[in-house]
Amino acid sequence: MIVKTFHKETKELLRDGRAKATFIIVLLLLSVAVWISHTKYKNANTEYEVAKQNEREVWDNQDAKNPHSAAHYGTYAFKPKYPLSLLDKGVDKYVGTSIFLEAHNRNEALYSAAADQTGISRFGELTPDFILLFIMPLLVILLCYNIFTKEKELGTFFLLKSTGASVTNLTLGKWLSVFTPVFLSVTILFLISGFMLSSLKDYGVFSWTPLLSMWGVYILYYIVFINIVMLISYVSKRSGISLVISLSVWIIACLGAPKVASTLAEDKNPYPTRQEFEAMIVKGKKEGLDGHNPWSKEAKLLEKQVLEEHGVDSLHQLPFNFDAYRMQKGEEHQAEVYFKHYKQLKEQYYKQTKTYKSLAVVSPFLPTRFLSMAIAQTDYATHWDFSDAAENYRIKSQKFLNDNFAENAAYGEWSYKADASTWTDLPVFEYNPPVLSAILKGNRSYLIILGFWTLLSFGTLFLITKLK
Amino acid sequence: MFKYNFRYELKLLIRSKWIQLLSILLLLLFSFAAFNGQQKVEKRNLDIAEMKQQIEESDASMLKLLDSVESGMQVSVPRWTIPNSPMAVGNYYPRIAEMRASALTFVATGQSDLYTHYIKPTVASDDFELNFTEMTSPTQLLFGSFDLAFVIVYLLPLIIIAFSYNVLSYERESGSLRLLASQPISLKHWVLQKLGLRFFWLLLMVIVILITVFIAMGKISEINVTGYAYFFGIILVYMLFWFAIAFLVNIFGKNSANNAVSLLGLWVVFVLLMPSGLNQIGNALYPIPSRNIMINKMRITKSEATKKQNEILDNFLRDHPEYAINDPKQSRSFWHGYMASKQLIKQELEPIVATYDEQLRKQQRWLDKLKWVSPAIVVQESLNKMAGTSTADYENFRKQVIDFAVIWREHFMPFLYNNQPFSKQDYTDLPKFQYEQKTLEIRESILVVSAISLGLLSFGFLMSKVRVSAFS
């Protein structure tokens, strides 16, 4: 019975011009989107390599100068693109790609692509994730909104029942007939993307496991949608009504829920404005040691402490340059201030994430959205990770420069110039994003919610078809 | 027949549970959306007010410090922040350049979550380095806000579709079409009348509900007559467009399910695919050059300028002899060289920065021509313009702030190069920022969308031949 139903439904689907046309259009759109992303990804990667190299050259080729001047001159950390961003761009467009690393200041990533686009970009972009997340569920609805209602409308439902066929088998057959085309097209798309990515020259970071995980997430997402729409079709009397209800579910899950979630998250745990945040930092910095100000209360205190520690009575007698030492201490204080305020910001972010998680229970779209961009390393968590790594590197390079100043110059010797060869000794900034296992662990709850949705929708579908 | 139709339709609507459900749904959606928008506006105004308060406090302390310094007393602040130095005033006592919300801002979030609404340019800050983006969670930017514009652009068409997809097909399916055909009215007239009446009732409902929400929010008196006219005008033509589409589908379509699928397909095309497709093509036609490469160029220019700072100052003074002559002491600090080299860097980098603006302008111009293919884009843009949250508004704000940053810097240059200290009397002369909102014209949008809708309606009316039988 299962096989027969499957055959019959597939045949019907193949004969249905509308379904075929829509299917082909969606696949075409998807291919175009992947192709555009592919070209963009290649360009972005080349630009990233060029920018990184040029910046390092600029840093390495500095003349002999005071290490603190070099610290103010600073350097840039550029955010790389990861292979799976080809499929899911996530929040990439809304975060900056370069962070200026300088003395005394932790800077935010600059130049988000969204700020370089027109207002229309807020409608969304024709990217693979847009099609996978929004349009494919619509296709699922189109394929199965009338899967049961058509039998009711034509009167064949009772005929089928009278043959003694089990409704569960019938449902299973129908389910397979919808699932197979969706499964095949998504699988083929992921395979093509995988081959595209592995054929790139610098594909060193690409591996098949994350791609496979992402594929799994989307398959689960479509299973949930198929189950829900089939269930609606089963309980509806007419195809029109089934379609309207299925669409309402789509609107609530894919359009409404994310917007409501973001609105609630922002209302409950708002971020400070940029100016407020900066003002808090300035205030925090003022409350401690400023490396540039030898006359402040804190500087005098430090002076006393260091003199006592080394058992000498003049700064000139110290075995290192006290100016540089104070500079480093000031740097440490400022780093602490940043750490504190960024921690507060991160807490807001965690709380916002909680709101998203609690709303993910209402919509299968949300866990899929978050899992997909997490696996693609284009989510907000990856951006935080990058920004923290850049800050750690900044702190280390400040120490490297201040130590050079402290060890090689006498107290008061502001005219000291470090050799031009010093700059190449600073290690290069290397960023390693979190690995897949860590990502999946961090997004455990979304996995559980999606699994829960799958089981619940399967259970309800087969239970209802059995009972009713 | 019209009178009969009108009465029948009214009765049908009033007795239908759907319509009651729909009004509640609309009321809920509109209230939630308007309330969210209003909260954002309040937060924005509060943030600006707080920042102004802070500026007032810091000004008061500046005047106090100046008092002390002018009467020869010692002050306990780091010496480079003492406000008798003009550079200290320019850097540590900046003015606020703010963009306040207008009466209709709560209608559309637009780009307001992406950009900041106040900024404090200092003399040392570079114009092109002023960061105009706001610290918003990118997840929030990705998902967007639940605002009135979202309800109007995305959800209202769906409500119209649910309301009108089966006007004719239902009669056909329930067998009453043959009866109807025996009436002295042509079927397309009948469909048009019926849809027209539904349009009228839905429009009335939307207006009444929106006005109720406005009254509840205390907004009603803040908005002026033109504001109302444009706001309801754009909603009206957008609804008319979707009713026109529904009319076409109804008279050309076959059965209800088919109609619903076609209408939803059109919704996906107009609201989702066209905007994202156009955006993609615009980006491909006028790509924005890499910002990372721009950073490289800036760095190289800057490092060269820093090396030649003293030379640059000499050249600068040669070009501005008034500064060299007026100052008998001719003493030169770090700031003299720095400000002079800054000007040079700015001149050299301007062409690089300008390419970004130029590409974006080209994209915008291209979109302005093509946006008419989807009324959803036009309506979203018009609502953003009305709210003062469109890209053009923030571009306008950015320009005004950058102009102000130049005025602010220039104000201190005579002090700096004439080595003249800043005194208490100079306080009142400090330049102030005043944002001027440009009124963006949306009349054209209303006219064009209504012309498109009427065109569609008359096309359907002239071209169709509604038949009674489903199989003919």
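That block above? That's the structure.
Residues numbered from 1 in each chain as written. Chains lettered and ligands numbered in written order. Predicted model: local features only at pLDDT ≥ 70, side-chain atom pairs only at ≥ 80, totals over all residues. Heavy atoms only, no water.

### Comments concerning the overall build of chain B
Right, so step 1: From N to C terminus, chain B includes 17 helices and 2 strands.
Right, so step 2: The C-alpha atoms of chain B give a radius of gyration of 30 Å, which is well past the 23 Å a tight globule of 472 residues would have.
Right, so step 3: Evaluated residue by residue, chain B yields a buried proportion of 55% over its 472 residues.
Right, so step 4: Within chain B, contacts between residues at least 6 apart in sequence are counted, and of these 83% link residues at least 24 apart.
Right, so step 5: Of the roughly 21,400 Å² of accessible surface on chain B, a fraction of 61% belongs to carbon and sulfur atoms.
Right, so step 6: Charged side chains of chain B number 47 positive and 40 negative; the gap between the two group centres comes to 13 Å. (Helix = DSSP H or I, 4+ residues; strand = E, 2+ residues; numbered from the N terminus. Rg over C-alpha atoms; globule rule 2.2 N^0.38 Å. Buried < 20%, exposed > 50% of the residue type's maximum accessible area, 1.4 Å probe, protein only. Contact = heavy atoms within 4.5 Å. Areas by Shrake-Rupley, 256 points an atom, 1.4 Å probe, with all protein chains shown as cover. Lys, Arg positive; Asp, Glu negative; His and termini not counted. Charge placed at Lys NZ, Arg CZ, Asp CG, Glu CD.)

### Side note on a nonpolar patch on the surface
All names here are of chain A.
Right, so step 1: On the surface, Val361, Val362, Phe452 and Leu456 cluster together into a nonpolar patch covering about 370 Å² of accessible area.
Right, so step 2: Locating Leu456 in the fold gives a position in helix 16 (residues 444–467).
Right, so step 3: With relative accessibility at 44%, the residue Leu456 sits in the partly exposed group. (Patch = residues over 30% accessible without salt bridge, like charges linked within 9 Å, V, L, I, M, F, W, Y side chains within 5 Å. Salt bridge = Lys/Arg side-chain N within 4 Å of Asp/Glu carboxyl O.)

### Some words on the packing of helix 8 (residues 187–217) of chain B against helix 17 (residues 443–463) of chain B
Residues and elements named next belong to chain B.
Right, so step 1: In contact at an axis separation of 10 Å, helix 8 and helix 17 are set at 155 degrees when each is read in the N-to-C sense. Put simply, helix 8 runs roughly antiparallel to helix 17. Read as a crossing pair, helix 8 and helix 17 show a hand that is right-handed. In this structure, helix 8 uses Lys188, His189 and Leu192 to contact helix 17, whose residues at the interface are Leu457, Phe461 and Leu462. (Axes fitted to C-alpha atoms, helices over the stretch in contact; angles between N-to-C directions. Parallel < 35°, antiparallel > 145°, perpendicular 65-115°, else oblique. Left-handed = near helix turned anticlockwise from the far one by under 90°.)

### Notes on the environment of B:Leu141
Right, so step 1: Here B:Leu141 shows up in helix 4 (residues 138–143).
Right, so step 2: Here the alpha-carbon distance between B:Leu141 and B:Asp113, two residues 28 residues apart in the chain, equals 7.0 Å.
Right, so step 3: Discounting residues that sit within four places of it in the chain, B:Leu141 has contacts with A:Tyr94, A:Arg122, B:Asp113, B:Leu114 and B:Thr136.

### Some details on unusual backbone geometry
All names here are of chain A.
Right, so step 1: If you check the backbone angles, His104 has positive phi at about 70 degrees while not being a glycine.
Right, so step 2: Residue position: His104 is located in the loop between strand 2 (98–101) and helix 4 (128–144).
Right, so step 3: With a relative accessible area of 7%, His104 lands in the buried category.
Right, so step 4: A positive phi is found at Gln377, a non-glycine position, where the angle reads about 60 degrees.

### Notes on the side chain of A:Asn146
Residues and elements named next belong to chain A.
Right, so step 1: As for its position among the elements, Asn146 is in the loop between helix 4 and helix 5 (149–154).
Right, so step 2: Given a relative accessible area of 18%, Asn146 falls into the buried group.
Right, so step 3: Among residues more than four places away in sequence, those in contact with Asn146 are Ser233 and Ser239.

### Examining the pairing of strand 2 of chain A
All names here are of chain A.
Right, so step 1: Both faces of strand 2 are covered, namely the face carrying Ser98 and Phe100 and the face carrying Ile99 and Leu101.
Right, so step 2: In this sheet, strand 2 lies alongside strand 1 (residues 75–78) in antiparallel orientation, the contact comprising 4 bridges. Bridge pairing links Tyr76 to Phe100 in strand 2. (Pairing = 2+ DSSP bridges.)

### Observations concerning the packing of helix 6 (residues 167–174) of chain B against helix 8 of chain B
Residue and element names in this part refer to chain B.
Right, so step 1: Their axes nearest at 9 Å, the elements helix 6 and helix 8 cross at an angle of 120 degrees. Considering the angle they form, helix 6 stands oblique to helix 8. From helix 6, Val167, Leu168 and Glu171 reach across to helix 8, where they touch Trp190, Val191, Lys194, Leu195 and Arg198.
Right, so step 2: Here the contact of helix 6 with helix 8 is composed, by residue class, of 5 nonpolar, no polar and 3 charged. (Nonpolar A, V, L, I, M, F, W, Y, C, P; charged D, E, K, R; others polar.)

### Re the interface of chain B and chain A
Right, so step 1: Taken together, the contact pairs 81 residues of chain B with 86 residues of chain A.
Right, so step 2: Taken together, both faces of the contact between chain B and chain A bury some 7,200 Å²; the carbon and sulfur share is 64%.
Right, so step 3: Counting every contact that joins chain B to chain A gives 1 salt bridge.
Right, so step 4: Between B:Asp113 and A:Arg122 there is a salt bridge whose closest N-O contact spans 2.9 Å.
Right, so step 5: At the boundary of chain B with chain A, the tally comes to 14 residue pairs in polar contact (both at pLDDT 80 or more).
Right, so step 6: Of all elements in the fold, only helix 2 (17–70), strand 2 (118–119), helix 4, helix 5 (148–164), helix 10 (256–285), helix 11 (291–307), helix 14 (334–370) and helix 15 (375–387) of chain B reach the threshold of two or more residues within the side of chain B that touches chain A.
Right, so step 7: Among the elements that take part in the side of chain B that touches chain A, helix 10 of chain B stands out by supplying 17 residues, more than any other.
Right, so step 8: Split into classes, the residues belonging to the side of chain B that touches chain A amount to 44 nonpolar, 27 polar and 10 charged. (Buried area = accessible area lost by both parts, 1.4 Å probe. Polar contact = N/O pair within 3.5 Å; in protein donor to acceptor, adjacent residues only side chain to side chain.)

### Some points on the environment of B:Val378
Residues and elements named next belong to chain B.
Right, so step 1: Relative to the elements of secondary structure, Val378 occurs in helix 15.
Right, so step 2: Taking relative accessible area as the criterion, Val378 reaches 1% and is therefore assigned buried.
Right, so step 3: In this structure, the C-alpha to C-alpha distance between Val378 and Gly253, residues 125 residues apart in sequence, is 27 Å.
Right, so step 4: Filtering out sequence-adjacent residues up to four positions away, Val378 remains in contact with Lys371, Trp372, Ser445 and Val449.

### Remarks on the nonpolar core
Right, so step 1: Counting 183 residues, the largest nonpolar core has A:Trp250, B:Trp267 and B:Leu383 as the members making the most contacts within it.
Right, so step 2: Sorting elements by how many residues they give to this core places helix 9 (residues 225–252) of chain B first, with 19 residues.
Right, so step 3: If you look at the next biggest cluster of nonpolar residues, it comprises 36 residues, including A:Tyr94, B:Ile119, B:Trp408 and B:Leu416. (Core = buried A, V, L, I, M, F, W, Y, C linked by side-chain atoms within 4.5 Å.)

Shape descriptors only; they carry no functional weight alone.
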